[in-house]
Amino acid sequence: MLDNLTRRFTDIVGGLRGKKITESNVQETVKEIRRALLEADVALPVVKQFVQRVKEEALGTEVIEGVDAGQHFIKIVKDSLTDLMGPEDPEIEWRKKGPTIILMAGLQGSGKTTTCGKLARYLRDRKNRRPLLVAADLQRPAAIEQLKVLGRTLDIPVFHEPGLSPPEVCERAVKEAAGKGCDTVILDTAGRLHIDAELMGELKQVARRTEPDEIFLVVDAMTGQDAVNSAREFNEALELSGVVLTKLDGDARGGSALSVKSITGKPIKFIGVGEKLDKLEPFHPERMAGRILGMGDVTSLVELAQDKLDQEKQAEMQQKMLEARFDLDDFLQQLGQLKKLGSVKDLLGKLPGLGAQMGDMDIGDDDMKSIECIIQSMTTEERRRPEILNTSRRKRIARGSGRTVDEVSDLLKQFKQMQQVMQQLKQFQQGGMFGKLKGLGAMRKQLKGQSAHEIIEGMGGASATATLPSGGPALPGQNRPAAPGNSLFGALAGQPPAAKATGKARPSKDAIRKKRKQERSRKKKNRRG
Amino acid sequence: MALGKLFGRGKKEDGPSPEGGAEDGQEPGRKGGAFAALRRGLSKTREKLAAIVPIGRKLDEELLEEIEAVLIQADFGPITAMELCDQLRDAYKGKEFSSEEATPFLKERLVEKLGQDTSLRFAESGTSVFVVAGVNGVGKTTSIAKIAKQFREEGRTVVLAAADTFRAAAVDQLGIWSERLEVEMVRGREGGDPASVVFDAVEKAQELEADVLIIDTAGRLHTEKGLMDQLSKIGRVIEKKIPGAPHEVLQVLDATTGQNAVTQAQAFHAAMPVTGLVLTKLDGTARGGVIFPILDQVGLPVKYIGVGEGIDDLQRFEPERFVDALFD
């Protein structure tokens, strides 16, 4: 999506370096943005407003010499998105005297009960609070049981009182909190469909009786256009103070974040990124903007790498790569480092432009295992100088690693391609293109205050060699075909996939669109005939 | 029986009463009938379509854009919405256009799209196995209870399997239903292997000579490869015990879900070939338009729709009725 947007805009205004962007040359791109946002489930009225804003902002600005026009435009889009979803605000209004009360509301199935558990844990572990969970969902069978199990797992007390109505349960819990040594009360209310006036009334009553300090609306990130309706109704019925967005561990683009923020004006406080109880994080508008645009989460990836990778080794590797003396032994080590970051799939999903295509790629961790086996069956000499691997050596390695000779040969072929890429990088570097290569620490600092296109540039250049030998294939604005790296090597080496590495190449989005268009016109013809 | 009830009750709801949902309180659908509940749920789309297609309006770009907007807001997604509008544009190009033609035209297109076989497949003899799957929080367990109740009323014997061993208290939730409905349930330990629960359940169902075994699986995000593989494994276990089973794999889909539902359907279909969708929570303001892009891109028919929280508010899907409720 993002690559499409960028390319499209580059096509249109590519010739305008140093000139101003006008109404006529943004029209097409604006349409693409509209579609991209709708595909990401941003609500239509919000999309309309947003597109208007972006257009106004873009009009009259100059495409600076030396900056790719598409990236210039994407920067405007991403900045606006970030702006609208921000500011970052994960703070909670603590009551000075008596327990702080947090009311959790939301539609059925949005993940309220789980979020209550996560929030309780977060507040206890990070904010040093002593939370009390209150089971006030008397609607869903076993909801109380679910909260009780969560409480047991977390070792956090759960209040419930059979025979009382939800407002009564909440009121009593608040009264008894202090006596139980708790300073924070989290009320888990029944899920409701917002047109349900009775349950909505019950919620209002809970709010009236307990006077909560915070009222959080829990919203499922996968929600479609309806997100605005429910958010509006909840906001009208209750004075919301914040939003928690759940189920962001899926691949939903989460356009509802923008919708809900625009409609309620209330900050998004936290996001849920997994079913496990530690998977609650403060909300970062900039990362969310990237996600909505399908840009991948480069910042998180860099943070992760910073956290887990051995910096010295990385610097050494980087040097080796740049000097094109990276051998199979280095590669093996690199794989080991890579594994520390989590599964290959998770990792690649964070790279810009690759996220959406991950479904089809499925570079299994099995593939990595297989590569490891093969390399480990080689002698030191062979690892250092793969070119000495003749047929008989290959046969021996295949036997030793339990793979076929073809697999061994494929690996070597791909490694060779990778070396060629490094050779090219070396030439690039000598040409001064990599002047700003500064290693990871500097990278991260750079990223923080960076604009979209700089990050993308960074990914294509610096980080590709700094974090792992990766990056290239589907990066926007690189003027390369946006084919997903189908082979592990392809993806790692920034090389278009080797023909039949793991099979099934996927037609590009443009090709799909072209095909659809052809089909449509064919149908049209048929109908007329 | 269900049909007669629908027709009978549906009549009462001649005048659109969008706010009528409120008075029904806890059990929407009870008073107005399931079709009425569906109509109420879809009333916003309906009103809008009615409002923008007044008689005598010219089919110009402005009107088409408005129609497209309504479709998009019903979660049809930009591509499907654009396609429908393109078709409308092509069909009426250069002709005098009146609103009486636009609505039937769109309806016809939509019914055509939906017009797949929505019947359920049962085993020719012995136990039929139904697997119910979906992402978290879409209403799987409640839907199972509703389906089980219908089967019981039709005189079939039912066994339930609680193969959700992950979520706290999920097994208890199905357990409560099985007690209320007085049907047999096979449960596993929390944290146990779901496939082994399924294995036991199939044996139990066969031993009891049950007509239908309905398996409740844990909610899983379609991006969780491990959990999706587990689903495939459940499929293999069933197939091994009863060749040709599972007879139905129903994916439950929350009607409020946006375009991500398409990816969801693709992923579930890949893990265990889905035979139909159950579209839940249609009694809210959500319209469930995402079933159209799913049909376009994955080709899965809808088999049930859920229009309320009451135990009787799950009905078999009928394309005409659904589309009528969208428009009339």
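What counts and what doesn't
- Each chain carries its own residue numbering, running from 1 in the written order of its sequence.
- Naming scheme: in the order in which they are written, chains are lettered from A and ligands are numbered from 1.
- Confidence filtering applies because this is a predicted model: local features only for residues at pLDDT of at least 70, side-chain atom pairs given and counted only at 80 or more, and all residues used for totals across whole chains, interfaces and linings.
- The basis for every side-chain value is the complete set of heavy atoms in the structure, and neither hydrogens nor water enter the calculation.
- Counting from the N terminus, the helices are DSSP H or I runs at least four residues long and the strands are E runs at least two residues long.
- Working definition: with a 1.4 Å probe on protein chains only, accessible area under 20% of the residue-type maximum means buried, over 50% means exposed, and in between means partly exposed.
- Any pair of residues with heavy atoms lying within 4.5 Å of one another is described as a contacting pair.
- Exposure was quantified through the Shrake-Rupley algorithm and a 1.4 Å probe, taking into account, for residues, occlusion by the shown protein chains and nothing else.
- Pairing between two strands is assigned when DSSP locates at least 2 bridges connecting them.
- The definition of a right-handed crossover adopted here requires that, viewed with the strands pointing away, the path from the first strand over the helix to the second runs clockwise.
- The buried area of a pairing is the accessible area, by a 1.4 Å probe, that goes missing from both parts when the two are put together, added over both.
- The salt bridge definition used is simple: a Lys or Arg side-chain nitrogen within 4 Å of an Asp or Glu carboxyl oxygen.
- Here a polar contact means two N or O atoms within 3.5 Å. Within protein one must be a hydrogen donor candidate and the other an acceptor candidate, and residues neighboring in sequence count only if both atoms are side-chain atoms.
- Amino acids are sorted into nonpolar (Ala, Val, Leu, Ile, Met, Phe, Trp, Tyr, Cys and Pro), charged (Asp, Glu, Lys and Arg) and polar (every other residue, Gly among them).
- For every element, the axis is a line fit to its C-alpha atoms; helices are fit only across the contacting stretch, and the angle between N-to-C directions ranges from 0 to 180 degrees.
- Any angle between 65 and 115 degrees counts as roughly perpendicular, while under 35 counts as roughly parallel, over 145 as roughly antiparallel, and the rest as oblique.
- Ring geometry is summarised as follows: Phe, Tyr and Trp rings, the Trp one being its six-membered ring, pair when their centres sit within 6.5 Å, and such pairs are stacked at plane angles under 30 degrees, edge-to-face over 60 and tilted between the two.

Colleague: Which residues make up the overall build of chain A, and what are the values?
Modeller: The helix and strand inventory of chain A stands at 24 helices and 8 strands. Out of the 529 residues belonging to chain A, those deemed buried represent 53%. Across chain A, the fraction of contacts at a sequence separation of at least 24, relative to all contacts at a separation of at least 6, is 74%. Counting only carbon and sulfur atoms, one obtains 47% of the accessible surface of chain A, whose full area is about 22900 Å².

Colleague: Can you tell me about the pairing of strand E7 (residues 268-272) of chain A, naming the residues and giving the values?
Modeller: All names here are of chain A. For E7, the tally of buried residues reaches 5 of 5 residues, placing the bulk of the element in the interior. The sheet contact formed by strand E6 (residues 242-246) and E7 spans 3 bridges and is parallel. Bridge pairing in E7 links leucine 245 to isoleucine 271. Regarding topology, helix H10 (residues 256-264) serves as the crossover connection from E6 to the parallel E7, and that connection is right-handed. Pairing geometry for E7 and strand E8 (residues 280-282), over 3 bridges, is antiparallel. Counterpart to phenylalanine 270 in the pairing with E8 is proline 282.

Colleague: Kindly report on the interface of chain B and chain A, identifying the contributing residues and their values.
Modeller: Contact residues are listed per partner, giving 50 residues for chain B and 40 residues for chain A. Approximately 4200 Å² of surface area, both sides summed, lies buried where chain B meets chain A, with 55% of it carried by carbon and sulfur atoms. Between chain B and chain A we count 1 salt bridge in total. Counting the contacts that link chain B with chain A gives 11 residue pairs in polar contact (both at pLDDT 80 or more). Of all the elements in the fold, those that place two or more residues in the side of chain B that touches chain A are helix H5 (61-73), helix H6 (78-91), helix H9 (170-181) and helix H12 (260-271) of chain B. In terms of residue count, H6 of chain B provides more of the side of chain B that touches chain A than any other element does, 7 residues in total. Grouping the amino acids of the side of chain B that touches chain A by side-chain chemistry returns 14 nonpolar, 19 polar and 17 charged.

Colleague: Now, about unusual backbone geometry: what can you tell me, with residues and values included?
Modeller: Residue proline 87 of chain A follows glycine 86 of chain A across a cis peptide bond; omega there is -5°. On the secondary structure map, proline 87 of chain A appears in the loop between helix H4 (69-85) and strand E1 (100-106). In this structure, proline 246 of chain B follows alanine 245 of chain B across a cis peptide bond, with omega equal to -5°. Relative to the helices and strands, proline 246 of chain B is located in the loop between helix H11 (225-241) and strand E5 (248-254). Phi angles above zero are rare outside glycine, and glutamate 209 of chain B is one such case at about 55°. One can find glutamate 209 of chain B in the loop between helix H10 (194-207) and strand E4 (212-217).

Colleague: Please give an account of the packing of H11 of chain B against H12 of chain B that cites residues and values.
Modeller: Residues and elements named next belong to chain B. Where H11 contacts H12, the axes come no closer than 8 Å and their chain directions differ by 45°. One way to sum up the angle between H11 and H12 is to call them oblique. Between H11 and H12, the contacting residues are Met228, Leu231 and Ser232 on the first element and Ala267, Phe268 and Ala271 on the second. Residues that form the contact of H11 with H12 fall into these classes: 5 nonpolar, 1 polar and no charged.

Colleague: So what about the sheet that holds strand E7 (residues 302-306) of chain B? Which residues, and what values?
Modeller: Residue and element names in this part refer to chain B. The sheet built from 8 strands is open, its strands ordered E3-E2-E4-E1-E5-E6-E7-E8 with mixed pairing. Both edges of this open sheet fall to strand E3 (184-187) and strand E8 (314-316), since each of them pairs with a single strand only. Going from strand to strand, the sheet's axes swing by 20° on average, the running direction of each strand aside. Taken together, the 3 bridges between strand E6 (residues 276-280) and E7 define a ladder with parallel strand orientation. Across the sheet, leucine 279 pairs through a bridge with isoleucine 305, a residue of E7.

Colleague: Provide a residue-level description of the sheet that holds strand E5 (residues 214-220) of chain A, including the pertinent values.
Modeller: Residue and element names in this part refer to chain A. Strand order in the open sheet formed by 8 strands is E3-E2-E4-E1-E5-E6-E7-E8, and the pairing between neighbours is mixed. Two strands in the sheet have a free side with no partner beyond their single neighbour: strand E3 (158-159) and E8. Across the sheet, helix H6 (residues 143-154) lies against strand E2 (131-136), E3 and strand E4 (184-189), angled at about 165° from E2, the strand it touches most. Across the sheet, helix H8 (residues 197-210) is in contact with E1 and E4; its angle to E1 comes to roughly 175°.

Colleague: Any details on the packing of aromatic side chains? Residues and values, ideally.
Modeller: Residues and elements named next belong to chain B. For the structure shown, the criterion picks out 6 aromatic pairs over all chains. Taking 5.6 Å as the distance between ring centres and 85° as the angle between the ring planes, the aromatic pair formed by phenylalanine 130 and phenylalanine 151 counts as edge-to-face. Placement of phenylalanine 130 in strand E1 (residues 128-133) and of phenylalanine 151 in helix H8 (residues 140-153) is noted, with a sequence separation of 21 residues between them. In this structure, phenylalanine 130 and phenylalanine 151 share a single accessibility class: buried. Through successive ring pairs, a cluster of aromatic residues spans Phe122, Phe130 and Phe151.

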